[in-house]
Amino acid sequence: MINGKNSSGYKNGNGKKYVQESDIEFMNSLNAAVLQKSPVKMSLILYVITALIIVLFTWAYFTELDELTRGIGKVIPSRQVQVVQNLEGGIVKELLVKEGQFVKSGQVLVIIDDTGAGSSYQEGRAKLGELKARAVRLRAEAGIAPFIIDDDAKNNYPMLIMEEQRLYETNAARRNNEKEVFVQRFKQRQVELANARLRLKNLHTSRGMIHREIELMEPLYKKGLVSELEFIQLKQK
């Protein structure tokens with residue numbers, strides 16, 4: 001390769017003379033022009049191209065490329081094919097997946113219109129709140145626990161809570177009135193019992209006196225000092 005020109009001719013890359021100055025006179029005009037005007041940049045370009053070729057072959061030798069093979073096959077699942085369906089019927093509001101798309105466990109596939117279900121849910125929730133409030137009232141009336149309603153129930157079911165509280169207060173007032181009546185009746189029965197005991201005591205006393213009188217009258221009756229009629233009347237007492 002020719003790098004430049006000296007005083008006596010052209011030298012190659014090793015510094016040795018490649019073409020003598022006198023030899024150019026015997027060359028045709030094209031070759032002579034090439035030898036006389038070869039720039040240094042041409043040599044650099046040749047070096048770069050050679051290096052790129054070496055790098056390309058090295059990369060092709062050490063690099064592994066993926067191979068794509070086309071064929072026909074059949075996919076057989078390891079488990080039984082699961083049928084995806086809704087437990088309760090409804091109107092599909094939005095479909096979130098496409099046919100053939102891979103899905104994960106727990107992923108939402110379909111959104112169903114909850115107009116009817118939402119109404120049933122609200123009714124069930126209201127019924128649950130009513131039963132909870134009634135349970136609290138019955139426990140309070142039975143004396144198991146005080147009548148205390150949590151804030152969640154008060155905020156969600158204010159009318160039900162007010163109704164149960166009103167019923168609790170009404171029943172409490174009725175029970176208090178019944179209790180007062182029972183207390184008065186109990187006191188009255190205690191007085192009657194005391195009077196009955198007093199009468200019984202008096203009867204026992206009278207009976208003892210009558211027996212004593214009979215004992216005293218019987219000898220007189222046997223002696224004829226007391227008439228039979230008086231003695232019989234005394235026994236009848």
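Treat the numbers as computed from the prediction; the structure is a model and nothing was measured. (Residues numbered from 1 in each chain as written. Predicted model: local features only at pLDDT ≥ 70, side-chain atom pairs only at ≥ 80, totals over all residues. Heavy atoms only, no water.)

### As for the pattern of salt bridges
Inference 1: Tallied over the full model, the rule gives six salt bridges.
Inference 2: Among the ionic pairs, Arg134 bridges to Glu130, the shortest N-O distance being 3.0 Å. Within this pair, Arg134 and its partner Glu130 are both found in helix 3 (residues 115-142), separated by four residues, close to a single helical turn.
Inference 3: For Arg134, a relative accessible area of 32% puts it in the partly exposed group.
Inference 4: Residues Glu164 and Arg137 are paired through a salt bridge, measuring 2.5 Å at the closest nitrogen-oxygen approach. Residue Glu164 is found in helix 5 (residues 158-223), and its partner Arg137 is found in helix 3; the two are separated by 27 residues along the sequence.
Inference 5: Judged by relative accessible area, Glu164 falls into the buried class, the value being 8%.
Inference 6: On the basis of relative accessibility, which here comes to 8%, the residue Arg137 falls in the buried class. (Salt bridge = Lys/Arg side-chain N within 4 Å of Asp/Glu carboxyl O. Helix = DSSP H or I, 4+ residues; strand = E, 2+ residues; numbered from the N terminus. Buried < 20%, exposed > 50% of the residue type's maximum accessible area, 1.4 Å probe, protein only.)

### What about the confidence of the model for the protein?
Inference 1: With 78% of its residues at a pLDDT of 70 or more, the protein shows a mean pLDDT of 75.
Inference 2: Per-residue pLDDT, averaged within each element of the protein, yields its smallest value for strand 1 (residues 2-5) (43) and its largest for helix 5 (86).
Inference 3: pLDDT under 50 marks residues 1-19. Its contacts with residues more than four places away, or in other chains, come to 43 contacts. (pLDDT = per-residue confidence, 0-100. Contact = heavy atoms within 4.5 Å.)

### What about a nonpolar patch on the surface?
Inference 1: A cluster of nonpolar side chains, contributed by Ile45, Ile49, Ile53 and Phe57, occupies part of the molecular surface with about 400 Å² of accessible area.
Inference 2: Note that Ile49 resides in helix 2 (residues 40-62). (Patch = residues over 30% accessible without salt bridge, like charges linked within 9 Å, V, L, I, M, F, W, Y side chains within 5 Å. Areas by Shrake-Rupley, 256 points an atom, 1.4 Å probe, with all protein chains shown as cover.)

### Regarding helix 5
Inference 1: In this model helix 5 runs 96 Å from its N-terminal to its C-terminal C-alpha over 66 residues, within 8% of the 98 Å that 1.5 Å per residue would give.
Inference 2: Helix geometry: helix 5 is bent most strongly at Met217, by close to 30°, with proline Pro219 lying one to four residues after it.
Inference 3: For helix 5, the full list of buried residues reads Ile161, Glu164, Asn171, Ala172, Ile210, Ile214 and Met217.
Inference 4: Phi turns positive, to about 85°, at Gly224, one or two residues after helix 5. (Expected span 1.5 Å × (residues − 1). Bend = angle between axes of the 7 residues up to and from the residue.)

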